[in-house]
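# Structural characterization, general
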Amino acid sequence: MAPKKENKKKESVKVWKREQGWDKLSKKELAELDAYCREYVDFITFAKTERLAHDRGLEMAIAAGFQNLDEIPEGKLLKPGTKVYRSCHGKTLFLAQIGKQPLEKGLIMVGAHIDSPRLDAKPNPICQDDSIAYIDTHYYGGIKKYQWYTLPLAIYGVVFKRNGERVDIAIGDKPDDPVFNISDLLPHLDHDRPNQPLSKVFNGEALNVIIASRPVDKEDDCKEVSEKTKLRVLKYLEKKYGIEEEDFASAEIEIVPAGSARFMGLDRSMVLGYGQDDRVCAFGTVKGIVDAQGIPNRTRAAVICDKEEIGSYGSTGMDSTFIENSVAELVARTCKSYSEIAVRRALENSMMLSSDVNSLHDPLFADVSSPHNMAKINCGIVLTKYTGARGKGGSSDANAEFMSQVRTIFNNAGVVWQVGELGKVDVGGGGTIAHLLARYGMDVVDCGVGLLSMHAPHEIAGTLDIYMAYRAYKAFYEAD
Ligand code: MN
Ligand code: MN
C-alpha cells in the first residue's frame, strides 16, 4: 500500500500589487466620485490664485458652521464640537473643530498649500518695445519657462491705490474677456535655437506678457509720454479701475493660464487644469474637515497655506509662527488657564498629513522614474514617506510607526492608497511643508494626489485619486 499522500496546502504569498482602484469602489462610491470631481473642477476653475482659493475655502467652512475665532469673546471657553477659523492675511487659512480631549493631547491635522507656480508682475511692470506693450514678470515657483509661451493667459490681482483703496482685478476668464500671451518664434526662423540648451533659449527675463499693441488715440495723446501703446494701457487702467502707474508698487498681480479646468480623456478618468499642485489636496483638506462626522476626541485642524512653492517663507508661509499661534489661541480658548507647555505638548502630540501632490510614473519619461516605487495614475492617494533630493537631502522622513497608523486608518476606511517616491534616486526630490511641522516633534507624512506634468500650466490628475484624497483626509479626521 502506498503511503497516504500528504495533502499539502499551498502556502499563499501576499503580493502587493499596484492596480487601479475602480473595481474596489461600489456604485454609490463611483457616483460620489463623479459628484466630488465636478465640484472640484469648479473649485480650481475659480481658485486661480492663493487668495481666491483661501476665499472659496473660507466660504465652504462658513457654510459648514465655522466661526471667526477673533470674533468670539475671549472669556468664552470653546466647547467640544465648536468649529472655528483663523485667516492669515487672506492667503492662509486655519480651520479647527474642538475635540473632547484637552488640546495637550495633540491635534489631528491635514495641511495643503494653495499657491501655485505662475508669473508675477514686477513692481514696475508696464513696458513697451516697438509698438507692443508688455507686463514684465518675475516667475513664481519652479516653472519650465518654455511651457508658458503661446498660451492664453489671464491676469488676477489686487492693487492698492494712493488713497489705500483696494481694487481687485480679474481679466481673462469671463467669456467676453480678452486674454494675454507670450509670443514665441516661428519655426521658419528658429534654426539656431534648437541646438542651444533650453536654459539659454528661454530665460526668465524674457517672459514678457503682451497686453496691448495699439497706440493711444490722438485726442488722448500727451507729449510727456513717448511710448504711445503704454500710454493707452495707462489711460485704460485709469478709466476702468482708477489706477495710476505708481499703484503697481503696492500690488500683487499674478498671470496664470486662462480658461476652465476640464475632465480629460474619453473615459473622463482625469482632470486637466491649472494649479492642481496643490489645490487638489487643499480642496480635499477643506472638504474632509467640513464633512468629517461627529465630535472628535482630539481637536481636528486643517490648514491651507501660501508660499510653499517658494520655500514657505514670509508671514503667510508655513515657516512663520501662524500654526503655532493658532494652536496657542486654541489652548487659550479651551483651557481655564493658559500655559506655554500646553501649547508645546499640543504641537508635539499632534499627527499630521502634509497633503501635497507627488509625481506619477509617466511612461513617456520612464528614464527618470522608479516604476515600482512611483505612484501610478488612479491607483489611489499617494503616501510619500520621504521626498528629499539625492540621498533624501532636506526630507522629513516619516516614522514607520506613524506610517503604520495611517495605513491602518486608510485600510479600515476603504481608502485606495499607494506609496510613491519622487523619481529615480539620483534624479528626483522635492520639498513640502512636512518638515516645517515635523520640527515641533509631531508625526507628519506627505500624503496627496499624484500628478502628470506637475508644475506645468495645465496639470493632469486622475479622478479616482482626486476623490481618494478627500476620502483619506476625512478618514484621518474621523479615526480619533
Ligand atoms: Mn506642492
Ligand atoms: Mn509644487
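Before going into details, it helps to say that this report is about the structure given with it. (Residues numbered from 1 in each chain as written. Chains lettered and ligands numbered in written order. Predicted model: local features only at pLDDT ≥ 70, side-chain atom pairs only at ≥ 80, totals over all residues. Heavy atoms only, no water.)

## Regarding the layout of surface pockets
Its volume calculated, the largest pocket comes out at about 1,100 Å³. Along the wall of the largest pocket there are 41 residues; nearest its centre are Ser-359, Leu-422, Gly-429, Met-454 and His-455. A per-class count over the lining of the largest pocket returns 13 nonpolar, 19 polar and 9 charged. Looking at which domains feed residues into the lining of the largest pocket, each of domain 1 (22–116 + 274–478) and domain 2 (118–257) supplies at least three. (1 Å grid on protein atoms, 1.4 Å probe; cavity = no way out; pocket = protein on both sides within 12 Å on 5 of 7 lines; lining within 4 Å. Points joined across faces, edges and corners; volume = space filled by probe spheres on them. Nonpolar A, V, L, I, M, F, W, Y, C, P; charged D, E, K, R; others polar. Domains from an automatic or database assignment.)

## Comments concerning the coordination of the manganese ion (ligand 1)
Those donors, His-113 (NE2), Asp-277 (OD), Asp-356 (OD) and Asp-356 (OD), are the protein atoms that reach the manganese ion (ligand 1), and they lie 2.2 to 2.6 Å from it. Between the manganese ion (ligand 1) and the manganese ion (ligand 2), the interatomic distance is 3.3 Å, and Asp-277 donates to each metal, bridging them. Here the residue His-113 occupies a position in strand β4 (residues 107–113), and Asp-356 occupies one in the loop between β14 (351–354) and β15 (358–359), the gap between them amounting to 243 residues. Across the pair, exposure class does not vary: His-113 and Asp-356 are buried alike. (Donors = N, O, S within 2.8 Å, 3.2 Å for Na, K, Ca; no water. Helix = DSSP H or I, 4+ residues; strand = E, 2+ residues; numbered from the N terminus. Buried < 20%, exposed > 50% of the residue type's maximum accessible area, 1.4 Å probe, protein only.)

## Topic: the sheet that holds strand β5 (residues 118–129)
The antiparallel open sheet is built from 6 strands, whose spatial order is β8-β7-β10-β5-β6-β9. In this open sheet, the two strands that pair with only one neighbour each are β8 (166–171) and β9 (208–212). Within this sheet the neighbouring strands show an average axis-to-axis angle of 30 degrees, counted without direction. In the sheet, β5 pairs with strand β10 (residues 251–257) via 2 bridges, with the strands oriented antiparallel. Paired with Leu-119 across the bridge in β10 is Ile-255. (Pairing = 2+ DSSP bridges. Axes fitted to C-alpha atoms, helices over the stretch in contact; angles between N-to-C directions.)

## Topic: the nonpolar core
Of all hydrophobic cores here, the largest spans 64 residues; its most connected members are Leu-95, Leu-353, Ile-381, Leu-383, Phe-410, Tyr-473 and Phe-476. In terms of residue count, the dominant contributor to this core is helix α10 (residues 463–478) (11 residues). Filtering out sequence-adjacent residues up to four positions away, Tyr-473 remains in contact with Val-110, Cys-281, Gly-284, Thr-285, Leu-353, Ser-355, Ile-381, Cys-447 and Gly-448. Counting residues in hydrophobic clusters, the runner-up holds 36 residues, among them Ile-169, Phe-202, Ala-212 and Ile-243. (Core = buried A, V, L, I, M, F, W, Y, C linked by side-chain atoms within 4.5 Å. Contact = heavy atoms within 4.5 Å.)

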